[in-house]
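Topology and contacts: notes
Here are the chains, one letter per residue:
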Amino acid sequence: MKKVELVRYIEKLSAIKLTSDEEEKFSRYFERVIDYFKVLNEMELGEVEPVFSALPMKNVTREDRAVSRDPEKIVKNAPKSEENYFKVPKTI
Amino acid sequence: MKLEDFSIFELSYLLKKRQIRAVEIVERYLSIIEEKNSKLNAFISVNERALEEAKRVDESISRGEAIPPYAGIPIAVKDNINIKGMETTCASEILKGYIATYDATAVRKLREKGFIFIGKTNMDEFAMGSSTEFSSFGPSRNPHDPERVAGGSSGGSAVAVASGMAQAALGSDTGGSIRLPASFCGVYGLKPTYGRVSRYGLVAYASSLDQIGPIARNVEDIAILLSVISGWDENDSTTSTMPVSDFFEYIFENRDRETYRIALPEEYWGEGLSIEVRKVLEEFLGFLKMNLFKIEKVSLPHTKYAIPSYYIIAMAEASSNLGRFDGVRYGRRVEGRTFREMIENTRGEFFGEEVKRRVLLGTFVLSAGYYEDYYLKAQKARTLIINDFKNIFREYDFVLAPTSPTLPFRIGEKIDDPLKMYLSDIYTVSPNLAGLPALNIPVGFSNGLPVGIQLIGNYFSENRMLKFAYFVEKEYSG
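Structural notes, computed from the coordinates. For clarity, every value in this text was computed on a predicted model and none was experimentally measured.

Concerning the overall build of chain B
- From N to C terminus, chain B includes 16 helices and 13 strands.
- Relative to the compact-globule value of 23 Å for 478 residues, chain B shows a C-alpha radius of gyration of 21 Å, a close match.
- Reported as C-alpha extents along the three principal axes, the dimensions of chain B are approximately 65 × 60 × 45 Å.
- In chain B, which comprises 478 residues, the share counted as buried stands at 68%.

Considering the side chain of Glu462(B)
All names here are of chain B.
- Looking at the secondary structure, you find Glu 462 in helix H16 (residues 462-477).
- Using a relative accessible area of 0% as the deciding quantity, one classes Glu 462 as buried.
- A polar contact of 2.7 Å, which involves the side chain of Glu 462, links it to the backbone nitrogen of Thr 193.

Considerations on the packing of aromatic side chains
- According to the stated counting rule, one finds 32 aromatic pairs over all chains in the structure shown.
- Measuring from ring centre to ring centre gives 5.6 Å for Tyr98(B) and Tyr330(B), while their planes differ by 80 degrees; the resulting arrangement is edge-to-face. In this pair, Tyr98(B) sits in the loop between strand E2 (74-78) and helix H4 (105-112) while Tyr330(B) sits in the loop between helix H10 (306-321) and helix H11 (339-350), placing the two residues 232 residues apart along the sequence.
- An aromatic cluster of at least three residues, connected via ring pairs, comprises Tyr260(B), Phe284(B), Phe287(B), Phe293(B), Phe398(B), Phe468(B), Phe471(B) and Tyr476(B).
- Here Arg357(B) stacks its cationic end above the ring of Tyr29(A), 5.2 Å away from the centre of that ring.

Regarding the pairing of strand E10 (residues 294-298) of chain B
Residue and element names in this part refer to chain B.
- Strand direction decides the pairing type here: strand E9 (residues 261-265) and E10, joined by five bridges, are parallel. Of the residues in E10, the one forming a bridge with Ala 263 is Glu 296.
- As for the winding sense of the linkage, the β-α-β connection from E9 through helix H9 (residues 275-290) to E10 is right-handed.

Looking at the sheet that holds strand E11 (residues 398-402) of chain B
Residues and elements named next belong to chain B.
- Strand order in the open sheet made by the eleven strands is E1-E3-E2-E6-E8-E7-E12-E13-E11-E9-E10, with mixed pairing throughout. Sheet topology places strand E1 (43-46) and E10 at the edges, where each strand pairs with a single neighbour. For this sheet, the mean angle separating the axes of adjacent strands, direction not counted, is 30 degrees.
- As judged from the two bridges shared by E9 and E11, these two strands associate in the parallel manner. Looking across to E11, one finds that Ala 263 is bridged to Val 399.

Observations concerning the side chain of Asn321(B)
Residue and element names in this part refer to chain B.
- Positionally, Asn 321 belongs in helix H10.
- For Asn 321, a relative accessible area of 11% puts it in the buried group.
- Here the side chain of Asn 321 touches Tyr 205 through a polar contact of 3.0 Å, landing on its backbone oxygen.
- With residues up to four places along the chain from it excluded, the contact list for Asn 321 reads Ala 204, Tyr 205, Ala 206 and Ser 207.

Examining a nonpolar patch on the surface
All names here are of chain A.
- Residues Met 1, Tyr 9 and Leu 13 make up a contiguous nonpolar surface patch of about 330 Å² in total accessible area.
- Its place among the elements puts Met 1 in the segment before helix H1 (3-14).
- Among the residues examined, Met 1 registers a relative accessible area of 64% and is labelled exposed.

What to know about the pattern of salt bridges
All names here are of chain B.
- In total, this model carries 39 salt bridges over all chains according to the counting rule given.
- For Arg 464, the salt bridge is made with Glu 258, and the minimal N-O distance between the two is 2.5 Å. Here the residue Arg 464 occupies a position in helix H16, and Glu 258 occupies one in the loop between helix H8 (247-253) and E9, the gap between them amounting to 206 residues.
- Arg 464 gets classed as partly exposed once you look at its relative accessible area, which sits at 25%.
- The residue Glu 354 makes a salt bridge to Arg 357 at a minimum N-O spacing of 2.7 Å. On the criterion of helical spacing, the pair formed by Glu 354 and Arg 357 is a turn pair, its members being three residues apart in helix H12 (residues 353-366). Accessibility assignment for this pair places Glu 354 and Arg 357 in one class, buried.
- When salt bridges with common partners are traced through the structure, they connect Asp 256, Glu 258, Arg 261, Asp 397, Arg 464 and Lys 467 into a single cluster.

Structural notes on the pairing of strand E3 (residues 116-121) of chain B
Residues and elements named next belong to chain B.
- Within E3, six of the six residues are buried, leaving the element largely enclosed by the surrounding structure.
- Sheet topology places E1 next to E3; three bridges connect them, and they run antiparallel. Residue pairing for E3: Phe 43 is matched across the bridge by Thr 121.
- Pairing analysis gives five bridges linking E2 to E3, with the strands arranged parallel. Considered in E3, the bridge of Ile 75 is made with Phe 117.
- Crossover connection from E2 via H4 to parallel E3: handedness right-handed.

So, the interface of chain B and chain A
- The interface of chain B with chain A comprises 73 residues on the first partner and 53 residues on the second.
- Both faces considered, chain B and chain A share a buried interface measuring about 5500 Å² in area, 67% of it formed by carbon and sulfur atoms.
- Sorting the residues of chain B by area buried against chain A places Leu360(B), Lys380(B) and Leu419(B) first, and these three jointly supply 12% of that buried surface.
- In this structure, Glu353(B) and Lys25(A) form a salt bridge, with 3.4 Å as the shortest nitrogen-oxygen distance.
- In this structure, the connection of chain B to chain A is made through 23 residue pairs in polar contact (both at pLDDT 80 or more).
- Listed by contribution, the elements that provide at least two residues to the side of chain B that touches chain A are H10, H11, H12, helix H13 (375-393), helix H14 (418-422) and helix H15 (429-434) of chain B.

Remarks on unusual backbone geometry
All names here are of chain B.
- A cis amide bond links Gly 152 to the next residue, Ser 153, at an omega of 10 degrees.
- Within the fold, Ser 153 resides in the loop between strand E5 (145-149) and helix H5 (155-162).
- One non-glycine residue, Ala 127, lies in the positive phi region at around 70 degrees.
- Structurally, Ala 127 can be placed in the loop between E3 and strand E4 (141-142).
- For Ala 127, a relative accessible area of 4% corresponds to the buried category.

Calculation notes
- Per chain, residues are indexed from 1 in the order of the written sequence.
- As they are written, the chains are lettered A onward and the ligands numbered 1 onward, keeping that order.
- At least 70 in pLDDT is required for a residue's local features to be given in this predicted model, at least 80 for side-chain atom pairs to be given and counted, and no such filter applies to totals for whole chains, interfaces and linings, which use all residues.
- Working from all heavy atoms in the structure, the side-chain values ignore hydrogens and water.
- Helix and strand definitions follow DSSP, with helices as H or I runs of at least four residues and strands as E runs of at least two, each counted in order from the N terminus.
- All radius of gyration figures rest on C-alpha atoms, and the globule criterion is 2.2 Å times the number of residues raised to 0.38.
- Exposure classes here rest on a 1.4 Å probe applied to the protein chains alone. A residue is buried below 20% of its type maximum, exposed above 50%, and partly exposed in between.
- Polar contact criterion, stated in full: a pair of N or O atoms within 3.5 Å, where within protein one must be able to donate a hydrogen and the other to accept it, and residues adjacent in sequence count only if both atoms are side-chain atoms.
- Here is the rule: rings of Phe, Tyr and Trp (six-membered ring for Trp) pair when centre to centre is within 6.5 Å. Planes less than 30 degrees apart are stacked, more than 60 are edge-to-face, and the remainder are tilted.
- Charge-over-ring contacts are defined here by two conditions on Lys NZ or Arg CZ: a distance within 6 Å of the ring centre and an angle within 35 degrees of the ring normal.
- When DSSP finds two or more bridges between a pair of strands, those strands are recorded as paired.
- With strands facing away from the observer, any crossover in which the path from the first strand over the helix to the second runs clockwise is taken as right-handed.
- Each axis is a line fitted through C-alpha atoms, taken for helices only over the stretch in contact, and angles between the N-to-C directions span 0 to 180 degrees.
- When checking whether two residues touch, look at their non-hydrogen atoms; a contact exists if any pair is within 4.5 Å.
- By definition, no residue in a patch forms a salt bridge, and every one has over 30% relative accessible area; like charges are joined within 9 Å, nonpolar side chains (Val, Leu, Ile, Met, Phe, Trp, Tyr) within 5 Å.
- Note that accessible areas follow from Shrake-Rupley with a 1.4 Å probe, and for residues the cover is restricted to the protein chains shown.
- Here a salt bridge means any side-chain nitrogen of Lys or Arg lying within 4 Å of a carboxyl oxygen belonging to Asp or Glu.
- Here the quantity called buried area is the accessible surface, traced with a 1.4 Å probe, that two parts lose on coming together, added over both.

Listed below in structure tokens is the structure:
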């Protein structure tokens, strides 16, 4: 993939609209930082198990119960709402 | 003695003995905020009800009612931690106007013990940064030299504590965000063991690394705050069920002299460390040797891979966590022709530059075809970094390392070079990757600027770390 195509692809995946100036800046940054990340390739990691948390974790469940959270206040935080609903652009 | 020279314990004692009123305490802190905040930019918002709450404490005392142990003590809270009824901005344009509808668990616990929240502090946007320059409210300034950075991302909290605008503060630490500003501002700052403190109500940056922790002017206050905020929480499945001791009581009652075994990893004391910082730290090591502590050089061989692993993991987790900012449920929105376009426009317009960089790069390292090359490798390197520390803690009580490679740098010095900024965290990211507790202890000055040392302990050894820090505070710093 060409550099500019790759940046646009990541933009889409991230759902972030960049200006063309930002695309230019980001692609320079991107190249430099990815290059720096490549230091990890020096390591022999074949047999090493990855960890996704520093301490061993197990799934914890709790009783599912409703808590009252004042829906009016929650909806009031939304940029657009109607009654007690979030309002978004038409999707279909 | 000035009011802000007292500890939490002393102020609470004076309050109960009716030698001081809660209103006097809060008024004093508000007046320091009034005097200093316009210059230092520590606070994003100040709690307008703080004085009213203090009045209620005084009324309870005068009626002879029982009051919670720390009633009336003003605490500052980083602006990524929810306080019900107050704005939580994370120093981002995208969240401006968001009023928290619930208390974070750490906040609820402090509230139950009577603490008063004096305000919300400045930070790098979504805690992504090492200098508080990536705040949409402008940088916080270092109280020791306002032309220099406060460190980040909990810069506002460290400045508030160091300049006497709050008794103590909460910060959050993902890769050094409590310890680095504590070091730059000359105060204590603790990142607890992962899982010690609930993250419920903390706006997530990188969930496997984030911890809330205290920043304070003395070890006693750190111990009190840690005791209050620690413990299992049904709303955070990563909190530990380990019993929580009363850290304040522990350091108070265990004042016997111990002979600690201390490891100095050579990777942290090499050429990257500036001469000014090294000089102050070596003087401190001399003090430890005089006290006959066993101090030995060791190696943490995978340290070199900590920074790239950290940034890959943190950015990956951030790209997922920040997905919730979509212009639907909170904050601000830029309209678009479609639902999708609205989301892209909103995030493009209101996320700051550094946040965009990290979300974009985090998305990349998780994307098909690249996941194995970056994210998976980083998580494997993380295993090796954890094992390095486990080996050391078989033979040593603590690891000592610098908190920062340099003195606080000038505002603007690193802002245009993200990679240079990332390297400010070179000594602080490993404890986050390993989940270990780490504490900044201020140990001196160079050219009028504070220098801190980083004490890294084994899992859940905060009591012993604080005992060590208390000894240092009394025998060396004090």
